[in-house]
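The residues making up each chain are set out below.
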Amino acid sequence: MASGGDLTLSILGFLGERPMHGYELKARIAALTGHLRPVSDGALYPAIARLESKGLVERHEEAGTHAARRQVLTLTPAGREELLRRLREPSDLDISDQTRFFGLLTFLSALRDRAERAGVLRRRLAFLEAPASFFHEGGAPVRIKDERDPYRRGMLIVARASSEAERTWLREAIAELEAPRDDPAR
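The rules behind each value
Residues numbered from 1 in each chain as written. Predicted model: local features only at pLDDT ≥ 70, side-chain atom pairs only at ≥ 80, totals over all residues. Heavy atoms only, no water. Helix = DSSP H or I, 4+ residues; strand = E, 2+ residues; numbered from the N terminus. Pairing = 2+ DSSP bridges. Expected span 1.5 Å × (residues − 1). Buried < 20%, exposed > 50% of the residue type's maximum accessible area, 1.4 Å probe, protein only. Arc of directions from axis to C-beta. Core = buried A, V, L, I, M, F, W, Y, C linked by side-chain atoms within 4.5 Å. Contact = heavy atoms within 4.5 Å. Phe/Tyr/Trp six-rings, centres within 6.5 Å; stacked < 30°, edge-to-face > 60°. Salt bridge = Lys/Arg side-chain N within 4 Å of Asp/Glu carboxyl O. Axes fitted to C-alpha atoms, helices over the stretch in contact; angles between N-to-C directions. Parallel < 35°, antiparallel > 145°, perpendicular 65-115°, else oblique. Left-handed = near helix turned anticlockwise from the far one by under 90°. Nonpolar A, V, L, I, M, F, W, Y, C, P; charged D, E, K, R; others polar.

Draft legend 1. Expanded view of the environment of A165. Mapping A165 onto the fold places it in helix α8 (residues 150-178). For the pair A165 and F14, spaced 151 residues apart in sequence, the C-alpha to C-alpha distance is 27 Å.

Encoded structure:
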């Protein structure tokens, strides 16, 4: 993965769902972001060791399926609190980077408070509603109609469509979270 922040969140988030061994954890992380940001053993296991040294993750041995013992990782209570803190207070990069934001969304249901979840979604919506472009001229964003290069124009068209779809979903999700419900987990 490109940075430790999203790898740490993925480790905490998946272990927050249930204990698992390192190989399974790596497979889950790879399934989530591997095609964009592959995770190597050289990144994963040192990250796990750092989380262990901070008391956020514990390791214990269990019998394996074929007599070999394996190391199982478990989230500690402090690790759960750190996971919830990261979900409640995501960094600006977790909000602005689409891959990191999707990683955040993967575990957002761990926040029991609907207002907290809505707050995170509102931050992403505000980011997407701010004027932006890949290209600038004279200090101003280049608009699709003004871009002469067909491939750059294509980038802008795809980005706009994706952003519009995400903003629509965010508005709907926020409205649902803010609607009165009997089930606090929804």
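Draft legend 2. The arrangement of the pairing of strand β3 (residues 69-75) in detail. Looking at chain direction, strand β1 (residues 20-21) and β3 are connected through two bridges and run antiparallel. Across the sheet, the residue bridging to H21 is V72, located in β3. Looking at chain direction, strand β2 (residues 57-63) and β3 are connected through seven bridges and run antiparallel. For E58, the partnering residue across the bridge sits in β3 and is T74.

Draft legend 3. Quick peek at helix α3 (residues 41-53). The end-to-end C-alpha distance of α3, which contains 13 residues, comes to 18 Å, matching closely the 18 Å that a straight helix rising 1.5 Å per residue would cover. Every buried residue belonging to α3 is among L44, A47, I48 and L51, and all of these are buried. The buried residues of α3 occupy an angular sector of 100° when projected down its axis, which confines them to one face. Across α3 from its buried face, at more than 90 degrees, point the exposed residues G42 and S53. Count one or two residues on from α3 and you reach G55, which has phi positive near 80°.

Draft legend 4. Layout of the nonpolar core. Grouped together as the largest cluster of nonpolar side chains are 36 residues, with contacts concentrated most on I11, L25, I29, L44 and L121. Going through the elements one at a time, α1 (4-17), α2 (22-33), α3, β3, α4 (77-88), α6 (98-107), α7 (114-129) and α8 are the ones with two or more residues in this core. With six residues, the top contributor of residues to this core is α1. Sequence-distant contacts of I11, defined by excluding residues within four places in its chain, comprise L25, I29, L44, A47, I48 and L51.

Draft legend 5. Region of interest: the packing of aromatic side chains. Considering all chains together, one arrives at two aromatic pairs under this definition. Taking 4.9 Å as the distance between ring centres and 90° as the angle between the ring planes, the aromatic pair formed by F14 and F107 counts as edge-to-face. Remark: F107 occurs in helix α6 and F14 occurs in helix α1; sequence separation between them is 93 residues. Taking the centre distance of 6.1 Å and the plane angle of 55° together, the rings of F134 and F135 count as tilted.

Draft legend 6. Expanded view of the pattern of salt bridges. Summed over the entire model, instances satisfying the criterion amount to 14 salt bridges. Its salt-bridge partner being R124, residue E166 comes within 2.7 Å of it at the nearest N-O pair. Taken together, the residues span a long stretch of sequence, with E166 in helix α8 and R124 in helix α7 at a distance of 42 residues. Both residues of the pair, E166 and R124, count as buried. The residue R171 makes a salt bridge to E129 at a minimum N-O spacing of 2.8 Å. Here R171 is found in helix α8, whereas its partner E129 is found in helix α7, with 42 residues between them in sequence. R171 sits in the partly exposed class, given a relative accessible area of 41%. Here the salt bridges share partners, and the residues they tie into one network are E82, R85, R86 and E89.

Draft legend 7. Summary view of the packing of α6 against α8. Relative orientation of the contacting elements α6 and α8 amounts to 25°, with a least axis distance of 14 Å. On the basis of their axis angle, the class for α6 and α8 is roughly parallel. As α6 packs across α8, the resulting crossing turns out to be left-handed. Contact residues: α6 offers Q98, F101 and L105, while α8 offers S162, E166, W169 and L170. Residues of the contact of α6 with α8, tallied by class, amount to four nonpolar, two polar and one charged.

Any functional reading would require information beyond the geometric quantities listed.
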